[in-house]
Amino acid sequence: MTDRRYEGEAMLGAKSPTKETTCGIWFIKGKWLQKFANKKAYVFLYGLLGCIFSAAFSYFNGTITTLEKRFKIPSRTTGIITVGNDISQLFVSVVLTYYVGKRHRPRWIAVGIYTVVLFCIMNALPHFLYGPGEDAFGLTYEYGGSRGVYNISESQDRQRLCQAESHKKCDSTSGSLAPQVILFVAQLISGVGGSLYYTLGVSYMDDNIKKSKTPVLISFSYFIKMLGPAIGYALASLCLKFYISPTLTPKIDNKDPRWLGAWWIGWLILGLVMFICASLLGLFPKTLPRAALRRSQSQDKTKEVEEMPASLQDMFQTFKRLIANRTLMCNNFAAVFYFMGYMPYWVFMPKYIEIMYKQSASKASLITGTVGLIFSAIGILISGLVISKYKPGARSLAMWNVIVGTISALGLVSYAYLGCLANDTQGTILASGELNATQTCNMDCNCDYVKYSPVCAYGKSYISPCHAGCKSSEILSNGSKVYTECSCVKEFNSEGQLLPQIANTGPCPIDCKQKFYIFLAVVCFLKLTGATGRASNFLVSVRCIEEKDKPVALGFGLMLMSMFSFIPSPIFFGYVIDTTCLVWGKTCSGTGNCWLYNGEALRYILNFTATAFVTVGILFDFGVWYYVKGLKIFDEDSEMKVVNVEQNKK
């Protein structure tokens, strides 16, 4: 293989082709390394790097609820934090990809991924700077209340009970701004790496692979990449099973809504693996040897176009060509509205499952990663194989995207009717949508600053023992705690007699398995069908433009998606989720994170709004179908000539 490679390079002529087609950098070169300078090795490593890259962002999504509880961050602020990478992509994706797209792309991809490694380190930094937090210390056997104070759990427990005197001590540990700034800056830095990885990576792949092989190899790369979210959510699930400070012994288990998992551990693992993969990818040559051989023997002027120097005037002319391309613009705006509608499910899906189906943070992350995303990976792989075998026309590919969009819209509507009945809204819902948990039975209990610590009484959950009007507690022989003298607990037996006014620790269990399994089935179906449109969408976007504009066109599309969907969508839907909050945690400076949501209101508002955005995306897909007539996706004739020449040379 190595000998044939150098024979091919000798035929290239022109200026120093060996330098452009040789694997390695500096002293890390050698014949043993050159055998990896092929499309299969690149596709696998690029997909593997994308797998870890996407795992990092899904890991962030899987630990969102824990971050919100730890640093008392409302969802709207979380939405702002998550768009940090999209803000940087907005400003650097087009300009950066225009200039570095003409240079050594694998090395620039590696540089970009190094910024994502820094992103991982910065995400773990708040834990090392601020520790587990007072709330986490108070739930351990080592610390009964405040840090450094031992064996005062009874005193802390009394603060949760209904007391005649006021609970004047408010929560002074309100959401600190510094950790939020660190998390936002980390996202901001990662945007540079994300734009370079996506735009340069796929353009390098398409330029170095035969067009007939592009669908299956692109799909295989996406297949590997799609396993990343599954890995990220599974890693989040595993880390969240451990207490936030593994050296301490918690008094509650990970099913308790107050549980704080070790959200920071995964970032250290992801950063290390990503650094290794990025370093290996940077060793690939500027052009793969066989691609350079095909290019030298083809009759087009690709080589001359690539050698044109980058300039500001040429950049604006390139933008003008892209904007005037109706197929490309319709395809971009279809993607904008699709992403606008899908974004809340990518960012907030674990939280959605926690709220709607009362699952633990660990289980929600595991389900999100392993169930739906595996079906996405299968859908991508199947679509690539089908397209490569049957080679459908551009209009057929565009119409399939319309069908996929319609299926997705119907699936999102079905989400709105799948949910569990709430048993934890004890109180009066005000016109503002919030829950007034103060009733006649607990009016004198002064529960304003009592922290969220749910209790269950006869199938009804209360925010805390104080809100249930409980005045004392007892430890049973089996070690469990029961709250007694609960004035708000008024249940009668069949004979009309008042049952004991007691409440157990923890929220009441809800039997919602049937609807939850239906929800998972719909998720898997939508993931499978939606993924089949990835390859067709990519092929239309790269074939409707000139070869020289490919990296810039991908960067331009990324800029539009960042501007109109990646940035506004998490902020908008974070605000939407917060509007359905029933009970906010009160702090000395105002409100912290949400304790309890109105599940029914959240289902309708979130899912119908998302469906509206996806429907607009379908209309733009119709525009793609209309303008894409006559577009050539496969160029078999010219490729067969190059293949025959290669075989004759051998």
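Right above here is the structure, for reference.
Let me sum up the structure you'll find in this document. Starting afresh in each chain, residues are numbered from 1 along the sequence in its written order. Whole-chain, interface and lining totals are the exception, using all residues; otherwise, since this is a predicted model, local features are given only for residues with pLDDT of at least 70 and side-chain atom pairs are given and counted only at 80 or more. To get the side-chain values, all heavy atoms of the structure are used, and hydrogens and water are removed first.

## Some thoughts on the overall build of the chain
And step 1. Check the secondary structure of the chain and you find 25 helices and nine strands.
And step 2. Contact between two residues is taken to exist if any of their heavy atoms lie within 4.5 Å; hydrogens are not considered. For the chain, the proportion of contacts with a sequence separation of at least 24, taken over those separated by at least 6, is 80%.
And step 3. In this description, accessible areas are obtained by the Shrake-Rupley approach with a 1.4 Å probe, and a residue is regarded as covered only by the protein chains that are shown. Within the structure as shown, the chain displays about 28700 Å² of accessible surface, and the carbon and sulfur contribution to it stands at 62%. The way it works is that DSSP assigns letters per residue, a run of H or I at least four long becomes a helix, a run of E at least two long becomes a strand, and they are numbered from the N terminus.

## What about the sheet that holds strand β3 (residues 455-457)?
And step 1. Pairing between strands is defined by DSSP: at least two bridges between them are needed. Strands sit in the order β4-β3-β7-β6-β5 across an open sheet of five strands; the sheet is antiparallel. Each edge of the sheet is formed by a strand with only one pairing partner; in this case those strands are β4 (460-462) and β5 (472-475). Here the average twist between neighbouring strands, direction ignored, is 35°.
And step 2. As paired strands, strand β6 (residues 481-484) and strand β7 (residues 503-505) are joined by two bridges and run antiparallel to one another. Bridging across to β7, Y483 finds its partner in A503. Lines fitted to C-alpha atoms define the axes here, with helix axes fitted over just the stretch in contact, and angles between the N-to-C directions of these axes take values from 0 to 180 degrees.

## Here's the deal with the state of the cysteines
Disulfides are covalent bonds that connect the sulfur atoms of two cysteines.
And step 1. Here, two cysteine sulfur atoms that lie within 2.5 Å of each other are counted as a disulfide. Per the stated rule, a full pass over the model turns up five disulfides.
And step 2. A sulfur-sulfur distance of 2.0 Å marks the disulfide that ties C447 to C466. When the S-S torsion is -85°, as for the bridge of C447 with C466, the disulfide is left-handed. Highlighted residues: C447 in the loop between β2 (435-436) and β3 and C466 in the loop between β4 and β5, separated in sequence by 19 residues.
And step 3. Overall, C447 belongs to the buried group, its relative accessible area being 9%.
And step 4. Cysteine C277 shares no disulfide, and the gap to the nearest cysteine sulfur, in C51, comes to 8.7 Å. Relative accessibility thresholds used throughout: buried, under 20% of the residue-type maximum; exposed, over 50%; partly exposed, between the two (1.4 Å probe, protein chains only).

## So, the pattern of salt bridges
And step 1. The working definition used for a salt bridge is a side-chain nitrogen of Lys or Arg within 4 Å of a carboxyl oxygen of Asp or Glu. Tallied over the full model, the rule gives two salt bridges.
And step 2. Among the ionic pairs, E68 bridges to K351, the shortest N-O distance being 2.6 Å. Of this pair, E68 sits in helix α5 (residues 64-71) while K351 sits in helix α17 (residues 326-357); the two residues are 283 residues apart in sequence, bridging distant segments of the chain. Side by side, E68 and K351 carry an identical accessibility label, which is buried.
And step 3. Note that E491 is salt-bridged to K460, the shortest N-O span being 3.3 Å. Pair noted here: E491 is in the loop between β6 and β7 and K460 is in strand β4, with a separation of 31 residues, a long-range link.

## Here we look at the nonpolar core
And step 1. By size, the foremost hydrophobic cluster in this structure holds 146 residues, and its most contacted members are I113, W267, L270, M274, Y357, Y415 and F519.
And step 2. Discounting chain neighbours no more than four positions away, the residues touching Y415 are Y345, Y352, F519, V522, V523, L526, R603 and N607.
And step 3. Ranked by size, the runner-up nonpolar core spans eleven residues in total, among them L161, Y483, C488 and V489. Nine residue types can take part in a nonpolar core, namely buried Ala, Val, Leu, Ile, Met, Phe, Trp, Tyr and Cys, and a core is a set of them joined through side-chain atoms within 4.5 Å.

## Considerations on unusual backbone geometry
And step 1. One non-glycine residue, K391, adopts positive backbone phi at about 50°.
And step 2. For K391, a relative accessible area of 33% corresponds to the partly exposed category.
And step 3. Located in the positive-phi region is N446, a residue other than glycine, with phi close to 55°.
And step 4. Looking at the element boundaries, N446 is found in the loop between β2 and β3.

## Some points on a nonpolar patch on the surface
And step 1. Together, V111, Y114, I269, L272, V273, F275, I276 and L280 line one region of the surface with nonpolar side chains, adding up to about 700 Å² of accessible area.
And step 2. Secondary structure elements with two or more residues in the nonpolar patch: α8 (105-130) and α13 (265-281).
And step 3. Considering every element that reaches the nonpolar patch, the biggest residue donor is α13, with six residues. Each patch is built from salt-bridge-free residues with over 30% relative accessible area, joining like charges within 9 Å and nonpolar side chains (Val, Leu, Ile, Met, Phe, Trp, Tyr) within 5 Å.

## Brief notes about the side chain of S190
And step 1. Looking at where S190 falls in the secondary structure, it is placed in helix α11 (residues 177-207).
And step 2. The buried category is assigned to S190, whose relative accessible area is 1%.
And step 3. A polar contact of 2.8 Å, which involves the side chain of S190, links it to the backbone oxygen of Q187.
And step 4. When residues no more than four places from it in sequence are discounted, the contact partners of S190 are F57, N85, V116 and F119. In protein, a polar contact means a hydrogen-donor-capable atom and an acceptor-capable atom, both N or O and within 3.5 Å, with residues adjacent in sequence counting only if both atoms are side-chain atoms; elsewhere, any N or O pair within 3.5 Å suffices.

## Regarding helix α21 (residues 533-543)
And step 1. Extensive coverage of α21 is indicated by the burial of nine of its eleven residues.
And step 2. For α21, the full list of buried residues reads G533, A535, S536, F538, L539, V540, S541, V542 and R543.

## Some thoughts on the pairing of β6
Two faces, one strand: in a regular strand the side chains alternate between the faces of the sheet.
And step 1. Pairing of β5 with β6, which is carried by four bridges, proceeds in the antiparallel orientation. Paired with S472 across the two strands is T484, which belongs to β6.
And step 2. Counting the residues between successive antiparallel strands, the hairpin from β5 to β6 contains five residues, one of them, G479, with a positive phi of roughly 95°.

## Thoughts on the packing of aromatic side chains
And step 1. Each aromatic pair joins two rings of Phe, Tyr and Trp (for Trp, the six-membered one) with centres within 6.5 Å, and gets the label stacked for planes under 30 degrees apart, edge-to-face for over 60, and tilted for any other angle. Evaluated as defined, the whole model comprises 32 aromatic pairs.
And step 2. For the pair F71 and W263, a centre-to-centre distance of 6.0 Å together with 80° between the ring planes defines the contact as edge-to-face. Here the residue F71 occupies a position in helix α5, and W263 occupies one in the loop between α12 (214-241) and α13, the gap between them amounting to 192 residues. Each member of the pair, F71 together with W263, is buried.
And step 3. With 6.0 Å between their ring centres and 35° between their planes, Y352 and F519 make a pair best called tilted. Highlighted residues: Y352 in helix α17 and F519 in helix α20 (residues 513-531), separated in sequence by 167 residues.
And step 4. Through pairs of rings, three or more aromatic residues link up here, namely Y42, Y46, F53, F57, Y59, F60, F119, Y197, W267 and F284.

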